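Descriptive structure summary
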2 protein chains.
Amino acid sequence: MSELERIQALILESTPVLGREMVHILGSLGRVLSGDIAATEDVPSIDISAVDGFAVSHLSLDGASKENPVVFTIIGESPAGRPCGAAVGYGEAVRIMTGGVIPEGADGVVKKEDTEDRGTTVVCWSNPGRGGNIRLRGEAFTRGDLVLSAGDIVGPVEVCELASLRRAYVHVYQKPVVAIMSTGDELSDFHESSSPGKTMCSTLYGLAAQVLEAGAVPLLLGIAPDSSSEQREMLSEGLRADVVITSGGLSRGKYDFVRETFDSMGVDIKFRNIALKPGKPAVFGAINGTLVFGFPGNPSATMISFEQFVKPALLKMMGRRAAGVAPESPFSAMDSFRLDVVGGNSHLRASLVPCRKPGAGDGKH
Amino acid sequence: MSELERIQALILESTPVLGREMVHILGSLGRVLSGDIAATEDVPSIDISAVDGFAVSHLSLDGASKENPVVFTIIGESPAGRPCGAAVGYGEAVRIMTGGVIPEGADGVVKKEDTEDRGTTVVCWSNPGRGGNIRLRGEAFTRGDLVLSAGDIVGPVEVCELASLRRAYVHVYQKPVVAIMSTGDELSDFHESSSPGKTMCSTLYGLAAQVLEAGAVPLLLGIAPDSSSEQREMLSEGLRADVVITSGGLSRGKYDFVRETFDSMGVDIKFRNIALKPGKPAVFGAINGTLVFGFPGNPSATMISFEQFVKPALLKMMGRRAAGVAPESPFSAMDSFRLDVVGGNSHLRASLVPCRKPGAGDGKH
């Protein structure tokens, strides 16, 4: 087990799976089912025709062929959704459409192509056999069948299945709320005019986008200055979240207050110095059930740290069975080598380093 | 070019790229930029320190070493975001933090680890050289640099870059609205009690989920009965959408009115019978700029048809350069073989066939 895997495992040990909530099935897309879904009725609920044609007793067609066709009396019609009341006797047929209910007495459907419809009678020359061209009751799902399981991720196919089982709402795991705070006197936000030495708090927005992409809910606390009391005040507003992430203020310099802030708030620090290249310096702890991540100010280092340490925790909270860095992540290919290439000084505090140099972003389409 | 590719290409020829709209950068996640993004200022906007330490003229440290250190007078401090007014002369130093503005006269920063801070003086024993430990103005982006291009898909890294360029809002391609209608007298919706021969309109919800997953906006028209006039009335409410999809009513049976409905509305039919196995029968046309897809009622066949024919069109509308079946699609592995396995009668009209049999859905986590 690598150092990275060891830290990831320890973070996941501190990570709870969140409770469940009811969402409508279109809102469940991408979420994880928190309970098994069983069929509460047979699907189809009754024998129906799989083709357009004529419902008959297959015995009436014993020995039938093109050369030796059988003529039936048409006693009724069974379009989809409008069952025919009549019962089919020997030598009788009901005109039936795909999805139409098989009438009593019939046990097979002769395809339209194998018949000649004469209005009140029909000539048939092929024997579908018993059950031929019929979709039997319970063929798709039998009442009690386990159709989907707790832990399944809902995609369009699952939405379709849930609908076919008449589940308008389903239980899924709740989404974590992730509070994000950037620190640094040099940081400015969109509404503040740029001035020499001030830099945009781009990490705040990059992290929020990562939270959204992971399927969780960002809560942007904003920018805190290099002051422990002000950081503490802002962070306290984020403690109702499931996860808190700070960016910046983690070096050992005179104006790096985040460790002091965490300590003064009573955060139970589990790692004080995650010693991995891209994540360094980083802090992980917890307070009253809220996970707390302290990352550096450098956008690249912080966004990679998010993928490595926070995202697996968020996925676990949302009920994913095998939490880990998702293979579809745009960051999975961004390793510490790439960080070195793009970020330069990976320990830069609240730096302006863009996540990649202009022109380096190929292969994104 | 296969028959599938030929039809996909012809559909794409009829598909416009939609116009642009402004969205805030967190709302741009997963969207496609409709214009190039250039840096409007240098980033960093001024030379800043990459480390905590002391800003000096590197010439003052000529020949310095551990054995032969140089003592500087500290004339000020430059924390991040609070530039120091003083100019650094020979033998003078400014205490500086990561992100702090390099004072006038200084051209290098000695790392804190290579100094001994005595309060009013500092002993330094390593020469950073000219530019050492400095992040130069424009190092990340120079004003005018092309940072992102029209056609780029916005992910978290792009959000971070846009924020660093102070772009709170960006232009992206609009999302198409996709109207969906299911047809069939045998179909019922959640609020209708199930009765023999009635089946849930699961395809309506499955298609809506696919539209959402593709990043577009579903508009659920509902269930139309097997009546051309009622289908026409419902469909006319969907013509303000960019795309209309119908499910069911496409066979040649007595109660299959969708072709008649399309004809009576004046839909310009471009394919009357897409002859591919999973998509059969299917119809494609256009009316007043709205693309119209007629698919069978069978959920599997319709959902596969969506992936093959509709999704590439939606992606093109949203500005994707290389439209096609996205590799992350849960359907890309679902081919006509799989359809045969799971769906049985792929031409089933408005059937109850689930998209897959219970227990067959492994490897989803």
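Residues numbered from 1 in each chain as written. Chains lettered and ligands numbered in written order. Predicted model: local features only at pLDDT ≥ 70, side-chain atom pairs only at ≥ 80, totals over all residues. Heavy atoms only, no water.

Some remarks on the relation of the copies chain A and chain B
In summary, the two copies of the chain are related to each other by a rotation about an axis coupled with a shift along it. Superposing chain A onto chain B requires a rotation of 180° together with a translation of 0.0 Å along the rotation axis, leaving an RMSD of 0.1 Å. A rotation of that kind, with that shift, is consistent with a two-fold axis. A share of 99% of the interface residues of chain A reappears at the interface of chain B, consistent with the copies meeting face to face through the same patch. (Least-squares fit on C-alpha atoms with pLDDT ≥ 70 in both. Contact = heavy atoms within 4.5 Å.)

Considering the pairing of strand β4 (residues 53-56) of chain A
All names here are of chain A. Pairing of β4 with strand β6 (residues 92-96) involves 3 bridges; the strand directions are antiparallel. Bridged to G53 within β6 is I96. As judged from the 4 bridges shared by β4 and strand β7 (residues 108-111), these two strands associate in the antiparallel manner. Of the residues in β7, the one forming a bridge with A55 is V109. (Pairing = 2+ DSSP bridges. Helix = DSSP H or I, 4+ residues; strand = E, 2+ residues; numbered from the N terminus.)

Some thoughts on the state of the cysteines
Within the structure shown, the criterion is met by 0 disulfides over all chains. Free of any disulfide, C201 of chain A has its nearest cysteine sulfur in C160 of chain B, 9.9 Å distant. (Disulfide = S-S within 2.5 Å.)

Description of the packing of helix α2 (residues 156-164) of chain A against helix α3 (residues 202-213) of chain B
Packing of α2 of chain A against α3 of chain B leaves a shortest axis separation of 8 Å and a crossing angle of 155°. With respect to α3 of chain B, the axis of α2 of chain A lies roughly antiparallel. Seen from above, α2 of chain A lies across α3 of chain B with right-handed handedness. Residues P156, V159, C160, A163 and S164 of chain A of α2 of chain A form the contact with α3 of chain B, whose own contacting residues are S202, Y205, G206, A209, Q210 and E213 of chain B. Considered class by class, the residues forming the contact of α2 of chain A with α3 of chain B number 6 nonpolar, 4 polar and 1 charged. (Axes fitted to C-alpha atoms, helices over the stretch in contact; angles between N-to-C directions. Parallel < 35°, antiparallel > 145°, perpendicular 65-115°, else oblique. Left-handed = near helix turned anticlockwise from the far one by under 90°. Nonpolar A, V, L, I, M, F, W, Y, C, P; charged D, E, K, R; others polar.)

A word on the sheet that holds β4 of chain A
All names here are of chain A. Reading across the sheet, the 6 strands line up as β7-β4-β6-β5-β9-β8 and stay open at both edges, with mixed pairing between neighbours. The strands lining the two open edges of the sheet, one partner per strand, are β7 and β8 (115-117). On average, adjacent strands in this sheet sit at an angle of 35° to one another, irrespective of strand direction. Two elements, strand β5 (residues 70-78) and strand β9 (residues 121-124), share 4 bridges in a ladder whose sense is antiparallel. Counted as the bridge partner of T73 is T121 from β9.

Some points on the side chain of S60 of chain B
Residue and element names in this part refer to chain B. Inspection of the secondary structure assignment puts S60 in the loop between β4 (53-56) and β5 (70-78). In terms of polar contacts, S60 uses its side chain to reach the backbone amide nitrogen of G91, at 3.4 Å. Contact partners of S60, with chain neighbours within four places excluded, come to V70, F72, Y90 and G91. (Polar contact = N/O pair within 3.5 Å; in protein donor to acceptor, adjacent residues only side chain to side chain.)

Side note on the sheet that holds strand β16 (residues 217-224) of chain A
All names here are of chain A. Here we have 6 strands laid out as an open sheet, ordered β16-β13-β17-β20-β19-β18, and mixed in their pairing. Each end of this open sheet is capped by a strand with a single partner; those strands are β16 and β18 (268-271). Taken over all neighbouring pairs, the strand axes of this sheet differ in orientation by 20° on average, direction set aside. Relative to strand β17 (residues 243-247), strand β13 (residues 177-183) runs parallel, the two sharing 5 bridges. Within β17, the position partnered with M181 by the bridge is T246. Of the strands in this sheet, β13, β17 and β20 (290-295) touch helix α6 (residues 299-317), which is tilted by about 170° from β20.

Keep in mind these values describe shape, not function.
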